[in-house]
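Summary of the model geometry
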Amino acid sequence: MSERSYDFLMPSVNFFGPGVIEKIGERAKMLGMKKPVIVTDKFLEGLKDGAVQQTLASLDEAGVDYVIYNGVEPNPKVRNIQEVKKLYEESGADSIITVGGGSAHDTGKGAGIILTNGDDITELAGIETLNNPLPPLIAVNTTAGTGSELTRHAVITNEETHLKFVVVSWRNIPLVSFNDPTLMLDVPASLTAATGMDAFVQAIEPYVSVDHNPITDSQCIEAIKLIEGSLREAVANGHNLEARTAMVEAEMLAGMAFNNANLGYVHAMAHQLGGQYDAPHGVCCALLLPYVEQYNLIADPQRFAELAEFMGENTDGLSTRDAAELSIKAMKQMSEDVGIPKSIKEIGAKPEDFRMMAENALKDGNAFSNPRKGTVDDLVKIFQAAYDAE
Ligand SMILES: [Fe+2]
């Protein structure tokens, strides 16, 4: 096959825009869902007129029965997906609806995986390891965001080893996703910033990935421009519907891009921080981003120079190398503007863990598409730079 031969995954059906959540009951019925498990957390379940209550109202109207699992935790654990499986089997459920951000979707995907592909999910870590389809899965998304509502990735934490692992398979892509920005208006500023920075990283990593192609490039470029023009505004005022809508468009584009062009060391290393210190994924990604990309810069200075332009930097008259450096400055500025901490110290990272985390990061499914090929020592130095940051 030539280098230009690749498979391109597209999510099947996505409802997008203010008010689309009203259609979920009808769509669940069309999919033949008789009794979905609603996978969410207590906070979202308790929100009056929030995403869960609107979902339930629409299901009630369509005459679809359901049972609720409200134990979703940040950085979903093997224990969580086992709990969902147990409830699914004991209640006679036939499908899954996840309501929340990446943690809810990954919990639902993880439960779906062990319901049809074998009970030990740690054995299924890796790329295209699933032989059987998951139960029908709808994802109602409330953050912008991991993109998990439309990607083939499920990230689960093994609570015994503190290791995060990824199950990457086309079978993980939800049948239908709902991205209704009105469900995101009350997301707190800190969560908006963290999830928005995740989307930002998910647009940057596929752009410089060794697996990028013209289709994913166009998705990354538009996603970066949208985030540059709306993340600060969404953090400053959650009820800015225009900014929320642009962020949803951006996170969907980034999700489609990295479904195909994959990610890189930011995610491979962020998974180690998240697994070891139970820190929010988006914050881990944002803290590492400038230091990983500074390291990556020599692999493709032209692409980094282009990134600087997409982020609104003036590169007129600059050498490619100088323009590329501006992209790193713009990444730091974005993090600072939305209130991300400066150093991985602030999420509890310890230098004595760097070597072990560097070794594990190089084995992470996201490491292989990184544009520069690093050693354990290289990654230790990147962790150190992100630790020393002031
Ligand atoms: Fe991510």
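Since we're looking at a predicted model, the values are computed, not measured.

Adjacent strands of a sheet pair through backbone hydrogen bonds, lying either parallel or antiparallel. Strand order in the open sheet formed by six strands is β1-β9-β6-β4-β2-β3, and the pairing between neighbours is parallel. This sheet does not close on itself; its edge strands, each paired only once, are β1 (13–16) and β3 (67–69). Ignoring which end each strand starts from, the neighbouring axes of this sheet average 15° apart. As defined by bridge partners, strand β4 (residues 95–100) adjoins strand β6 (residues 137–141) across five bridges and the pair is classed as parallel. Across the sheet, residue isoleucine 97 finds its bridge partner in β6, namely isoleucine 138.

Next up on the list: the domain arrangement of the protein. The domain boundaries assigned to the protein delineate domain 1 (13–184) and domain 2 (189–388). Counting residues at the interface gives 27 residues for domain 1, matched by 28 residues for domain 2. Sorting the residues of the side of domain 1 that touches domain 2 by element identifies β1, β5 (126–127), β7 (153–158) and β8 (163–168) as the ones contributing at least two each. It is β8 that provides the largest number of residues to the side of domain 1 that touches domain 2, a total of four residues. Grouping the amino acids of the side of domain 1 that touches domain 2 by side-chain chemistry returns twelve nonpolar, 13 polar and two charged.

On to the pairing of β4, then. Most of β4 is tucked away, with six of its six residues classed as buried. For strand β2 (residues 36–39) and β4, the ladder comprises four bridges, and the chain directions are parallel. What sits directly across from isoleucine 38, in β4, is isoleucine 97.

Topologically, alanine 246 is positioned in helix α9 (residues 241–261). It is 23 Å that separates the C-alpha atoms of alanine 246 and lysine 329, two residues lying 83 residues apart in sequence. With residues near it in sequence (within four places) discarded, alanine 246 still touches Leu226, Gly229 and Ser230.

Looking now at the packing of helix α10 (residues 265–277) against helix α11 (residues 281–296). Look at α10 against α11: their axes get within 8 Å of each other, and the N-to-C directions meet at 135°. Relative to α11, the element α10 is oriented oblique. Our pair here, α10 against α11, has a crossing hand that is right-handed. Side by side, α10 and α11 meet where Tyr265, Val266, His267, Met269, Ala270, Leu273 and Gly274 of the first sit next to His281, Cys284, Cys285, Leu288, Leu289 and Val292 of the second. Grouping the constituent residues of the contact of α10 with α11 by class yields ten nonpolar, three polar and no charged.

Ranked by internal contacts, the top residues of the largest apolar core, which has 120 residues, are Ala203, Ala223, Ile227, Ala250, Val266, Met269 and Leu288. With twelve residues, the top contributor of residues to this core is α9. Of the residues that make up this core, three or more belong to each of domain 1 (13–184) and domain 2 (189–388). In contact with isoleucine 227, not counting residues within four places along its chain, are Gly196, Ala199, Phe200, Ala203, Met247 and Ala250.

What counts, and at which threshold
- Residues numbered from 1 in each chain as written.
- Predicted model: local features only at pLDDT ≥ 70, side-chain atom pairs only at ≥ 80, totals over all residues.
- Pairing = 2+ DSSP bridges.
- Helix = DSSP H or I, 4+ residues; strand = E, 2+ residues; numbered from the N terminus.
- Axes fitted to C-alpha atoms, helices over the stretch in contact; angles between N-to-C directions.
- Domains from an automatic or database assignment.
- Contact = placed C-beta atoms within 7 Å.
- Nonpolar A, V, L, I, M, F, W, Y, C, P; charged D, E, K, R; others polar.
- Buried ≥ 20, exposed ≤ 12 C-beta atoms within 10 Å, placed from the backbone.
- Parallel < 35°, antiparallel > 145°, perpendicular 65-115°, else oblique.
- Left-handed = near helix turned anticlockwise from the far one by under 90°.
- Core = buried A, V, L, I, M, F, W, Y, C linked by C-beta atoms within 7 Å.

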